Amino acid sequence: MSRTIPYWHVDAFANRPFTGNQAAVMPLERWPDNAELLAIAEENNFAETAFLVRDESGAAEWELRWFTPAEEIRLCGHATLASGHVLLTRDGGDRVTFRTRRAGLLEVARTGTAYELALPLIRSAPGSWPEAAALLGSEPAEVWLNEDGYGIYLFDSEAQVRALDPDLRGLGALGSDQFICTARGSDSDVVSRVFVPGSGVDEDSFTGSAHAALTYFWTERLGRDSFTAFQASQRGGHATCRRDGEQAILSGDCVTVVEGRFLLP
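Residues numbered from 1 in each chain as written. Predicted model: local features only at pLDDT ≥ 70, side-chain atom pairs only at ≥ 80, totals over all residues. Heavy atoms only, no water.

Engineer: Tell me about the nonpolar core, and please be specific about residues and values.
Structural biologist: Among the nonpolar cores identified, the biggest contains 56 residues, and Trp66, Leu75, Leu81, Phe98, Val108, Ile180 and Trp218 are the most heavily contacted of them. Of the residues forming this core, the biggest block, eight residues, is contributed by helix 6 (residues 208-222). Beyond its immediate stretch of four places on either side in the chain, Leu81 contacts Ala12, Phe13, Val108, Tyr115, Glu116, Leu117, Gly252, Asp253 and Cys254. Counting 16 residues, the second-largest nonpolar core is a separate cluster that includes Val143, Val161, Leu164 and Ala232. (Core = buried A, V, L, I, M, F, W, Y, C linked by side-chain atoms within 4.5 Å. Buried < 20%, exposed > 50% of the residue type's maximum accessible area, 1.4 Å probe, protein only. Helix = DSSP H or I, 4+ residues; strand = E, 2+ residues; numbered from the N terminus. Contact = heavy atoms within 4.5 Å.)

Here it is as structure tokens:
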């Protein structure tokens, strides 16, 4: 007998359809095996599918896991924002909490027509990775690295970031790191593009976890605790980023594009 799973397709960090980053949000009654979760994520073929199960531990309301079409990942911001949007729209309330396996407790709160996502602040430090820098298509002015695989590559202008044509196969061979390319923006304070080919995402549309790293990097550099950000992917995505202690607070909109049920054999 076939089974069905509730399914939402959400554009996150977007105020209209077909912009921001796509996520599938799928609440489950219990956890199936990892092979089934990965097969569903591969079928969805979005940067991430968010799977949710009611949290019985009492630490949060929901357990949350994220899968790309290739693997389970440790943190995904846009699919967390999308999950908060789905649950708060469906169930009501002002905030919802999530317990994750490798990123701790996360929260999404409603703020008027938008949402705020609280992520752990991701710190980085000046470093050097010549092999990666050479594959980006233009030489960055600075490189900042994090031991969990978040690399920030600072460029002199927005035009340089927009013109990047990286060697994606070469970057993917270096591992599952995020290659976060950024500069001061024109219409926003900060602009970025994010490449994660080692995890099956050549260029991400909008990357919440990358902005948890950019929040630390740019608030230190700008000398203030918030800024506006635009991820200059083909779809584009907007957020306001704010540092609050050891948290990065990302504010953005979500749009539900499809609501239905996913059929399993």
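Having put the structure on the table, let's press on.
Engineer: Describe the pairing of strand 7 (residues 105-111), and please don't skip the residues or the numbers.
Structural biologist: The pairing of strand 6 (residues 95-100) with strand 7 spans five bridges and is classified as antiparallel. Counterpart to Arg95 in the pairing with strand 7 is Ala109. The turn linking strand 6 back onto strand 7 is made up of four residues, and Gly104 within it adopts a positive phi angle of 75 degrees. Sheet topology places strand 7 next to strand 8 (residues 114-120); five bridges connect them, and they run antiparallel. In the strand pairing of strand 8, Glu107 is matched with Ala118. (Pairing = 2+ DSSP bridges.)

Engineer: Please provide a residue-by-residue account of the packing of aromatic side chains, values included.
Structural biologist: The full count for this structure, using the stated rule, is six aromatic pairs. Seen from their ring centres, Phe13 and Phe206 are 4.2 Å apart, and the 25 degrees between their planes marks the pair as stacked. With Phe13 in the loop between strand 1 (3-12) and strand 2 (21-28) and Phe206 in the loop between strand 14 (201-204) and helix 6, the pair connects residues that are 193 residues apart, well separated along the chain. Phe206 shares its class with Phe13; the two are buried. Ring geometry for Tyr153 against Phe179: centres 6.1 Å apart, planes inclined by 35 degrees, an arrangement best described as tilted. With a gap of 26 residues between them, Tyr153 in strand 11 (residues 150-154) and Phe179 in strand 12 (residues 178-184) connect regions that are remote in the sequence. One aromatic cluster in this structure is built from Trp129, Tyr153 and Phe179. The cationic tip of Arg65 hangs over the ring face of Trp31; the distance from NZ or CZ to the ring centre is 5.0 Å. Sitting above the plane of the Trp31 ring, Arg101 keeps its charged end 5.6 Å from the centroid. (Phe/Tyr/Trp six-rings, centres within 6.5 Å; stacked < 30°, edge-to-face > 60°. Lys NZ or Arg CZ within 6 Å of the ring centre and 35° of its normal.)

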